[in-house]
Amino acid sequence: MGEHLESRDSLPLNAKTITHPPMIIRTVAAEGFCRANDEFLSKVGFTAADLGAKEFVEWIVPEDLAVFQDTLAGKISECQVRHKTRLADPISLHIRVTEQGDGPVVLGRFLEGCPTRAGSSSRSTPLDEEDEATVSGTLHTIARIVEEQNPGYKCSILLVADGRFVRGAGPSLPEEYNAAIDGFAVGPTVGSCGTAIFWNVPVIVEDIQADPLWAPFAELAKRAGVASCWSHPFQSKTGNVLGALAFYSPEPKAPTAEQLLRLRAAAKMTGLAVERGRAEEALRTKRQRELELEEQLRQSAKMEALGVLAGGLAHDFNNILATILSNAELARDLSQSNPDVKEMLSDIVDASKRAGEFCLQLLSYAGRGSLTRTEIEIGALIPEVSKLVQAAISKKTVLKYSLPERPIHIVGDENQLVQVLMNVITNAAHAIGESEGEIVVSTEAAVYDEEALEYLSPKVKLTPGEYVRLNICDTGSGMDEATVQ
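Only a predicted model underlies this, so the values are computations on that prediction, with no experimental measurement involved.

The rules we used
- Residues numbered from 1 in each chain as written.
- Predicted model: local features only at pLDDT ≥ 70, side-chain atom pairs only at ≥ 80, totals over all residues.
- Heavy atoms only, no water.
- Phe/Tyr/Trp six-rings, centres within 6.5 Å; stacked < 30°, edge-to-face > 60°.
- Helix = DSSP H or I, 4+ residues; strand = E, 2+ residues; numbered from the N terminus.
- Buried < 20%, exposed > 50% of the residue type's maximum accessible area, 1.4 Å probe, protein only.
- Pairing = 2+ DSSP bridges.
- Axes fitted to C-alpha atoms, helices over the stretch in contact; angles between N-to-C directions.
- Contact = heavy atoms within 4.5 Å.
- Expected span 1.5 Å × (residues − 1).
- Arc of directions from axis to C-beta.
- Core = buried A, V, L, I, M, F, W, Y, C linked by side-chain atoms within 4.5 Å.
- Patch = residues over 30% accessible without salt bridge, like charges linked within 9 Å, V, L, I, M, F, W, Y side chains within 5 Å.
- Areas by Shrake-Rupley, 256 points an atom, 1.4 Å probe, with all protein chains shown as cover.
- Salt bridge = Lys/Arg side-chain N within 4 Å of Asp/Glu carboxyl O.
- Lys, Arg positive; Asp, Glu negative; His and termini not counted.
- Charge placed at Lys NZ, Arg CZ, Asp CG, Glu CD.
- Polar contact = N/O pair within 3.5 Å; in protein donor to acceptor, adjacent residues only side chain to side chain.

## Quick look at the packing of aromatic side chains
According to the stated counting rule, one finds nine aromatic pairs in the structure shown. Ring geometry for Phe184 versus Phe217: centroids 4.9 Å apart, planes at 70 degrees, classification edge-to-face. In this pair, Phe184 sits in the loop between helix 5 (175-181) and helix 6 (191-199) while Phe217 sits in the loop between strand 9 (203-205) and helix 7 (218-224), placing the two residues 33 residues apart along the sequence. Residue classification places Phe217 among the buried positions, given a relative accessible area of 6%.

## Notes on the sheet that holds strand 2 (residues 23-27)
Strands sit in the order 3-2-6-5-4 across an open sheet of five strands; the sheet is antiparallel. At either margin of the open sheet sits one strand with a lone partner, and together these are strand 3 (34-36) and strand 4 (78-83). Between one strand axis and the next, the sheet turns through 25 degrees on average, direction left out of account. In the sheet, strand 2 pairs with strand 3 via three bridges, with the strands oriented antiparallel. Bridging from a neighbouring strand, Arg26 pairs with Cys34 of strand 3. Against the sheet, helix 3 (residues 65-72) contacts strand 4, strand 5 (91-100) and strand 6 (103-109), and its axis sits at roughly 140 degrees relative to strand 4.

## Brief notes about helix 11 (residues 414-432)
Given a rise of 1.5 Å per residue, 19 residues ought to cover 27 Å, and the 27 Å separating the end C-alpha atoms of helix 11 matches this to within 8%. For helix 11, the full list of buried residues reads Leu417, Val418, Leu421, Ile425, Ala428, Ala429 and Ile432. Projection of helix 11 onto a plane perpendicular to its axis shows the buried side chains occupying an angular sector of 100 degrees, all on one side. Exposed residues lying more than 90 degrees from the buried face of helix 11 are Asn415, Asn427 and His430. Positive phi appears at Gly433, one or two residues downstream of helix 11, with a value of about 70 degrees.

## With respect to the nonpolar core
Counting 34 residues, the largest nonpolar core has Phe165, Tyr177, Trp214 and Tyr248 as the members making the most contacts within it. Elements with a contribution of two residues or more to this core: strand 2, strand 6, strand 7 (154-161), helix 5, helix 6, strand 9, helix 7 and strand 11 (241-249). In terms of residues, this core owes the most to one element, helix 6, which gives five residues. Here Trp214 is in contact with Tyr177, Gly191, Ser192, Val205, Ile208, Ala221, Cys229 and Tyr248, once residues within four sequence places are set aside.

## Digging into the pairing of strand 11
Within strand 11, nine of the nine residues are buried, leaving the element largely enclosed by the surrounding structure. In the sheet, strand 7 pairs with strand 11 via six bridges, with the strands oriented antiparallel. Looking at the pairing, Cys155 lines up with Phe247 of strand 11. In this sheet, strand 11 lies alongside strand 10 (residues 228-235) in antiparallel orientation, the contact comprising eight bridges. Its bridge partner being in strand 11, Gln235 is matched across the sheet by Val241. Counting the residues between successive antiparallel strands, the hairpin from strand 10 to strand 11 contains five residues, one of them, Gly239, with a positive phi of roughly 95 degrees.

## Here we look at a negative patch on the surface
Judged by side-chain charge, Asp340, Glu343, Asp347 and Asp350 come together as a negatively charged surface patch. As for its placement among the helices and strands, Asp350 is situated in helix 9 (residues 339-365). For Asp350, a relative accessible area of 37% gives the class partly exposed.

## Describing the side chain of Asn200
With respect to the secondary-structure elements, Asn200 resides in the loop between helix 6 and strand 9. There is a polar contact of 2.9 Å between the side chain of Asn200 and the side chain of Gln235.

## Some remarks on unusual backbone geometry
A positive phi is found at Asp162, a non-glycine position, where the angle reads about 55 degrees. Mapped onto the secondary structure, Asp162 falls in the loop between strand 7 and strand 8 (164-169). Judged by relative accessible area, which is 56%, Asp162 ranks as exposed. Even without being glycine, Asn200 reaches a positive phi, approximately 60 degrees.

None of this, on its own, says anything about what the molecule does.
Have a look at this one:
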């Protein structure tokens, strides 16, 4: 059954057609916020002004004070207490307490169950930007349908993430109104929807300008042309509060029994739509991730095949070079009497050594070479590399650095790192060409978890932790799809 919390200043509802559980929201301290529906006031026999004039503990029977104090202190999440009445026996209330800026606020209701509170650990997970965009179109469609079925009323759908409103849909409300609500923190006394989401109960406000729940938004509502708001929370199948749907009327009024049923049905439909939309988006995201990983694995396989080929060629070629080098050195030593021949043989020796270094690079690329792992201070190495590539950069291209002040050390093969940096910076310079542009080299420490590392390196399993991220950005022309492949 739905639960409704109405303003004590609202118009009376037809008790023969609509029944409401007795409920109250108030500060624990006296002379603070106090809001109770007519059913609660009838049960206790006091006015809202009478109740608010005293501290809440003064209305609790003495035997129940200990358990309420435990709830107030956070030792337990909720409790059952008996509330004093004017003439009859005390009534039993299910109590939950939360902290607000001015002190603790209590929700008491004449019910045995205790629904999940939005804001507890069971609250729905935050929406990411793509999820919100996907669900948003569905919510706008629902809002339009609701407005067509309820002529003269405006519909608003608000989601909740990290305890704050996330704009869902409000097609007939002014942009100023939707923008002001977006990102506002929900709370125990925040408008109709914020209160409904926080306590997970429907909230009926018949006169926005006279209701204390709407004090922060009264002027905003007036400019939006809305005078009453009936809000109903919606949940996932597991009971997590996802948001709230609201009907707005241009004049102060109470809902009829049929309108309350429509509100409840629309909220339920919205909850199902949001949950299904998120599930579908999660599946699409998962599939996209799988496709990206498959492509990375294909690229990795291609590179591995190239490495095997390069390694085989380098090994065989290195054996041939060894023969050329040894014979060239021997012939040079035997040509002391002929300077011209000696010089030519020295050139052959030098070229053979350079070719040998190239073979070592190919073997290293193929994973069959030897690596020298040393500690490298990345901030000191980058400027040194730039000196080596300066000749390949146009005078119209500016090479900039964005390096952290504190030294960042890594462990690796310095020669390989130098080669990678030189190649990427040179490539960036070629992309800019003779046009004016800039290349920015930056580094930063970043912490990667297992999921991120699996995405970045699907073939080699890396240990989660702190890594150095190296960024090289340029203002060049970029690559077309064929070049990327």
